[in-house]
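A closer look at the structure
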Amino acid sequence: GAGVSQTPSNKVTEKGKYVELRCDPISGHTALYWYRQSLGQGPEFLIYFQGTGAADDSGLPNDRFFAVRPEGSVSTLKIQRTERGDSAVYLCASSLTFVGGFSSYNEQFFGPGTRLTVL
Amino acid sequence: GQQLNQSPQSMFIQEGEDVSMNCTSSSIFNTWLWYKQDPGEGPVLLIALYKAGELTSNGRLTAQFGITRKDSFLNISASIPSDVGIYFCAGPGTTGNQFYFGTGTSLTVIP
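First, a word on what this report is: a plain description of the structure on this page. Since we're looking at a predicted model, the values are computed, not measured.

Basis of the calculations
Residues numbered from 1 in each chain as written. Chains lettered and ligands numbered in written order. Predicted model: local features only at pLDDT ≥ 70, side-chain atom pairs only at ≥ 80, totals over all residues. Heavy atoms only, no water. Helix = DSSP H or I, 4+ residues; strand = E, 2+ residues; numbered from the N terminus. Rg over C-alpha atoms; globule rule 2.2 N^0.38 Å. Buried < 20%, exposed > 50% of the residue type's maximum accessible area, 1.4 Å probe, protein only. Contact = heavy atoms within 4.5 Å. Pairing = 2+ DSSP bridges. Axes fitted to C-alpha atoms, helices over the stretch in contact; angles between N-to-C directions. Phe/Tyr/Trp six-rings, centres within 6.5 Å; stacked < 30°, edge-to-face > 60°.

All right, on to the overall build of chain A then. Counting its secondary structure elements, chain A contains 0 helices and 11 strands. Element order for chain A, N to C, with α for helix and β for strand: β-β-β-β-β-β-β-β-β-β-β. Over its C-alpha atoms chain A spans a radius of gyration of 14 Å, differing by no more than 12% from the 14 Å that the globule rule assigns to 119 residues. With the C-alpha coordinates aligned to their principal axes, the bounding extent of chain A is approximately 40 × 30 × 30 Å. Put simply, chain A has 119 residues, and 44% of those count as buried.

Next comes the structure, spelled out in structure tokens:
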């Protein structure tokens with residue numbers, strides 16, 4: 001079956017512009033995650049959705065970043081007034097559901113990412 | 001956030017050699033995950049560990065959950081060229097849904 005897809009694969013924009021990054025999770029996955037990966041670093045958590053609601057947005061760096069998932073499937077990460085420091089690969093992941101606590105883990109399947117370059 | 005430090009940062013090995021890498025945390029984790037990331041792709045889960053002291057294998061890969069719960073180890077035996085990539089450890093934050101990733105170990109296998 002199809003995995004997680006992300007569009008566009010590459011996005012080049014100018015400082016100050018607005019961008020939208022799209023994520024199509026695996027069909028039937030209720031949990032969706034956004035991460036940011038800077039060059040030479042591991043992914044950094046941004047936000048997590050369970051269904052349509054953002055269950056945890058504590059990783060969003062500031063109010064220029066916003067994400068939605070209106071129908072509980074596709075999600076869009078929106079960045080306003082982009083800055084050069086926003087340049088990174090933005091990864092999306094989905095899992096069948098979220099299992100809370102520390103004793104188990106529902107595997108997160110990652111998309112290939114969107115490489116954002118802010119000039 | 002929690003800091004996960006991986007060592008070594010990079011490794012260059014001959015095909016057929018065994019590889020060891022580790023991950024240490026400033027905090028206790030109750031779950032440890034190991035991922036591999038190929039260029040232009042997202043990370044792929046290799047092994048999940050749920051209990052201190054646990055030793056789990058996946059083919060030529062073996063991972064261990066440290067007794068202190070602040071570290072984990074990944075070993076790859078008889079490396080092959082397709083093992084090339086970046087290996088990340090990860091663990092959950094206090095809420096369980098926020099995952100922290102390590103700094104990564106880049107592996108190069110020389111045929």
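As a further point, take the overall build of chain B. Regarding its fold elements, chain B presents 0 helices and 11 strands. Listing each helix as α and each strand as β along chain B from the N terminus yields β-β-β-β-β-β-β-β-β-β-β. Projected onto the principal axes, the alpha-carbon positions of chain B cover approximately 45 × 30 × 20 Å. Buried positions account for 48% of the 111 residues belonging to chain B. Long-range pairs, those at least 24 residues apart, make up 52% of the contacts in chain B between residues at least 6 apart in sequence.

All names here are of chain B. Taking strand neighbours across the sheet as the criterion, the 5 strands line up as 1-3-8-7-6 in an open arrangement whose pairing is antiparallel. Edge positions in the open sheet fall to strand 1 (4–7) and strand 6 (55–58), since each of these has one partner strand only. Across the sheet, the mean angle from the axis of one strand to that of its neighbour is 15 degrees, orientation sign disregarded. Sheet topology places strand 6 next to strand 7 (residues 61–65); 4 bridges connect them, and they run antiparallel. Pairing of leucine 55 across the sheet is with glutamine 64, part of strand 7.

The next thing to look at is the sheet that holds strand 1 (residues 5–7) of chain A. By definition, the strands of a sheet pair up through backbone hydrogen bonds, in either a parallel or an antiparallel sense. Residue and element names in this part refer to chain A. Read from one edge to the other, the open sheet built from 4 strands follows the order 1-3-8-7, with strand pairing classed as antiparallel. On the outer flanks of this sheet lie strand 1 and strand 7 (65–68), each paired with one strand and no other. Pairwise comparison of adjacent strand axes, ignoring direction, gives a mean angle of 15 degrees for this sheet. Across 5 bridges, the pairing between strand 3 (residues 19–24) and strand 8 (residues 75–79) is antiparallel. By the bridge assignment, arginine 22 is partnered in strand 8 with threonine 76.

Below, the discussion takes up the packing of aromatic side chains. Within a pair of aromatic rings, the relevant descriptors are the distance that separates the centres and the angle that separates the planes. Applying the stated criterion across every chain yields a total of 9 aromatic pairs over all chains. Between tyrosine 35 of chain A and phenylalanine 45 of chain A the ring centres are 6.1 Å apart and the planes differ by 80 degrees, which places this aromatic pair in the edge-to-face class. Of the two residues, tyrosine 35 of chain A is situated in strand 4 (residues 31–37) and phenylalanine 45 of chain A in strand 5 (residues 44–50); the sequence distance between them amounts to 10 residues. Of the residues examined, phenylalanine 45 of chain A reaches a relative accessible area of 5% and is grouped as buried. Ring geometry for phenylalanine 29 of chain B versus tryptophan 32 of chain B: centroids 5.0 Å apart, planes at 75 degrees, classification edge-to-face. Every member of this aromatic cluster is reached through a ring pair, and the members are Tyr35, Phe45 and Phe110 of chain A together with Tyr35, Phe88 and Phe101 of chain B.

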